[in-house]
Amino acid sequence: MCLALELARRGEGFVEPNPMVGCVIVEHGRIVGRGYHKRFGGPHAEVFALRDAGSRARGAVAYVTLEPCSHFGKTPPCTDALIAARVKRVVAAMRDPNPLVAGKGFRRLRAAGIRVDVGLLGGEALDLNAPFVTFHCQRRPYVILKWAQSIDGKIATRTGDSKWITSVESRTEAHKLRARVDAVVVGVNTVLADDPELTARLVAPKRVAARIVLDARLRTPLDSKLVRTADDIPTIIVTRPHMASGARRSRLVKAGCQIVEIPADASGIKLRRLLTELHARQMTNILVEGGGTTLGAFLEQDAADEARVFVAPVLIGGEGAPGPLRNRGPAVMRELPKTSLVNIAHHGPDLCYTIRFGESYRRGSRFP
């Protein structure tokens, strides 16, 4: 199952909104077939593994990271392929939260006389497909916050200069994140201050992420890089309903931007409503890059699942130098958001902390 999970991760960025899945076929203690889901719309992991095993799949055990599908989608049911290959046992890490499957695959296999065991390395499988589980159980995309800071917690100097706090290695890693998500989100203040492109130009992208600007007052400049490239890369401006009209809106639309109307209040755009809209657009994961007001809003509105924090071994200081989160924040320590440390990685001289907030995908997953 460890190998199946390792294989599954190779599909990251290519298979969404489908899950990452790996499969290993074992005959008499020897691996005879292996496969993973390589791209959206292509054959599933079980099909590749059975092809690799050939006739040796008969009487073998199939280890798969997710319940085999039992319905016709873009490909035939994997349960039918396993039954036809006459495997004797299927060991699955977890049940599929997609209502089209959700236990039906296991029932189909058992009805055919195949032994089914569920739960081996289930926690690891659940973490691997947290965006897929969140998409189906929470009905919203998985949200990753990302920022770069100095070791004393600053994201810019007192004059606003921020290029560059972290190393090229860290920036490359950040572009790898952009290269595998469905959208990159920033606030309009970041657009006004930095005029970013929000592309994965430092790496070969696995998918092209839409650019989303939270702009309640429709201040995105018409000559910004985002607007000038909107015909080539999907660009969404999120604004209040009463701002989504008039000449400025028409010029943004003419430039290729999409205007999405989401209600707002004193704290800004209602992010849960935005996530519902992005779910309807089949987005499974989004990357929020800032600035501090936007990052803080996602935390304040309990709309964040994970954070990637790149920390450079430099000191900025300065009373007016901004930090990464500009929100109201908790009054006392016991009100801090619940977090868990997932990983610490080196990128050049920098450290990147991966933390998760609450792991809500576990609460709704009906695991295993």
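Residues numbered from 1 in each chain as written. Predicted model: local features only at pLDDT ≥ 70, side-chain atom pairs only at ≥ 80, totals over all residues. Heavy atoms only, no water.

> In this structure, what is going on with the overall build of the chain? I would like to understand it.
A tally of regular secondary structure across the chain gives 13 helices and 16 strands. Scaling as 2.2 N^0.38, a compact globule of 368 residues should have a C-alpha radius of gyration of about 21 Å, and the chain matches this with 23 Å. Each principal axis of the C-alpha distribution contributes one length, and for the chain these read about 70 × 45 × 40 Å. Buried positions account for 50% of the 368 residues belonging to the chain. Taking all contacts inside the chain whose residues are at least 6 apart in sequence as the whole, residues at least 24 apart take part in 72%. As presented, the chain carries roughly 17,200 Å² of accessible surface, and 50% of it is formed by carbon and sulfur atoms. (Helix = DSSP H or I, 4+ residues; strand = E, 2+ residues; numbered from the N terminus. Rg over C-alpha atoms; globule rule 2.2 N^0.38 Å. Buried < 20%, exposed > 50% of the residue type's maximum accessible area, 1.4 Å probe, protein only. Contact = heavy atoms within 4.5 Å. Areas by Shrake-Rupley, 256 points an atom, 1.4 Å probe, with all protein chains shown as cover.)

> Is there a simple way to explain the packing of helix H3 (residues 78-85) against helix H4 (residues 104-111) in this structure?
Between two packed helices, the angle of one axis relative to the other and the distance separating the axes together describe the packing. Where H3 meets H4, the closest approach of the two axes is 10 Å, and the angle between their N-to-C directions is 20 degrees. Here H3 is positioned roughly parallel relative to H4, judged by the angle of their axes. Note on packing geometry: the crossing formed by H3 with H4 is right-handed. In contact with Thr79, Asp80, Leu82 and Ile83 of H3, H4 contributes Gly105, Arg108 and Leu109. Residues belonging to the contact of H3 with H4 are distributed by class as follows: three nonpolar, two polar and two charged. (Axes fitted to C-alpha atoms, helices over the stretch in contact; angles between N-to-C directions. Parallel < 35°, antiparallel > 145°, perpendicular 65-115°, else oblique. Left-handed = near helix turned anticlockwise from the far one by under 90°. Nonpolar A, V, L, I, M, F, W, Y, C, P; charged D, E, K, R; others polar.)

> I would appreciate a short explanation of the pattern of salt bridges in the present structure.
Going through the model one piece at a time under the given rule, you end up with 16 salt bridges. Between arginine 115 and aspartate 117 there is a salt bridge; the shortest N-O distance is 2.9 Å. A salt bridge links glutamate 306 to arginine 308, with the nearest nitrogen and oxygen atoms 2.8 Å apart. We note that glutamate 306, like arginine 308, is buried. Among the charged side chains, a salt-bridge network with shared partners connects Asp127, Glu306, Arg308 and Arg356. (Salt bridge = Lys/Arg side-chain N within 4 Å of Asp/Glu carboxyl O.)

> Mind showing me how you'd approach the environment of tryptophan 164 here?
With respect to the secondary-structure elements, tryptophan 164 resides in the loop between strand S6 (142-150) and helix H7 (168-178). Here tryptophan 164 falls in the exposed class, since its relative accessible area comes to 54%. Sequence-wise, tryptophan 164 and alanine 148 are 16 residues apart; in three dimensions their C-alpha atoms are separated by 9.2 Å.

> It is not clear to me how unusual backbone geometry should be interpreted in this structure. Could you clarify?
Phi is mostly negative for residues that are not glycine, and the peptide bonds are mostly trans. Omega for the peptide link from glutamate 16 to proline 17 comes to 10 degrees, which places this bond in the cis form. Secondary-structure assignment places proline 17 in the loop between helix H1 (2-8) and strand S1 (22-27). Along the chain, glycine 290 connects to glycine 291 via a cis peptide bond; the corresponding omega equals 5 degrees. As for its placement among the helices and strands, glycine 291 is situated in the loop between strand S13 (285-290) and helix H12 (292-300). In this structure, histidine 28 is a non-glycine residue whose phi angle is positive, near 50 degrees. Among the structural elements, histidine 28 can be located in the loop between S1 and strand S2 (30-36). Classification of histidine 28 by relative accessible area gives exposed; the value is 76%. Here arginine 86, not a glycine, exhibits a phi torsion of approximately 60 degrees, which is positive. Turning to its location among the elements, arginine 86 is positioned in the loop between H3 and strand S4 (89-92).

> Would you take a moment to explain the pairing of S4 for this structure?
A regular strand places its side chains so that they alternate between the two faces of the sheet. Where strand S3 (residues 61-64) meets S4, four bridges bridge the pair, whose relative direction is parallel. From the neighbouring strand, alanine 62 faces S4, where its bridge partner is valine 90. Pairing of S4 with strand S5 (residues 115-118), which is carried by four bridges, proceeds in the parallel orientation. Bridging across to S5, valine 91 finds its partner in aspartate 117. Crossover S4 to S5 through H4 is right-handed. (Pairing = 2+ DSSP bridges. Right-handed = clockwise from strand over helix to strand, strands pointing away.)

> It is not clear to me how the pairing of strand S15 (residues 339-347) should be interpreted in this structure. Could you clarify?
Pairing between S15 and strand S16 (residues 350-357): eight bridges, direction antiparallel. Residue pairing for S16: histidine 347 is matched across the bridge by aspartate 350. Hairpin geometry of S15 and S16 is characterised by an intervening segment of two residues between the two adjacent antiparallel strands and by a positive phi of about 60 degrees at glycine 348.

> Is there a simple way to explain the confidence of the model for the chain in this structure?
Looking at the chain, the pLDDT average stands at 92 and 96% of residues meet or exceed 70. Low pLDDT, under 50, characterises residues 364-368; the stretch is placed with 16 contacts to residues that sit more than four places away or in other chains. (pLDDT = per-residue confidence, 0-100.)

> Explanation requested: the nonpolar core in the structure shown.
If you look at soluble globular proteins, the nonpolar side chains tend to sit buried side by side. Formed by 40 residues in total, the largest nonpolar core has its most connected members in Ile25, Leu82, Val87 and Val90. With residues up to four places along the chain from it excluded, the contact list for valine 90 reads Ala62, Val64, Pro68, Leu82, Leu109, Ile114, Arg115, Val116 and Asp117. Ranked by size, the runner-up nonpolar core spans 32 residues in total, among them Trp147, Ile155, Ala216 and Val238. (Core = buried A, V, L, I, M, F, W, Y, C linked by side-chain atoms within 4.5 Å.)

> Teacher, can you tell me more about the sheet that holds strand S8 (residues 210-214) here?
Taken in spatial order, the nine strands line up as S10-S9-S8-S7-S13-S6-S14-S16-S15 in an open sheet, and their pairing is mixed. In the strand order of this sheet, the two ends are held by strand S10 (258-261) and S15, each with one partner. Strand-to-strand twist of the sheet, defined as the mean angle between neighbouring strand axes without regard to direction, takes the value 25 degrees. As defined by bridge partners, strand S7 (residues 183-187) adjoins S13 across four bridges and the pair is classed as parallel. Bridge pairing in S13 places valine 185 opposite valine 288.

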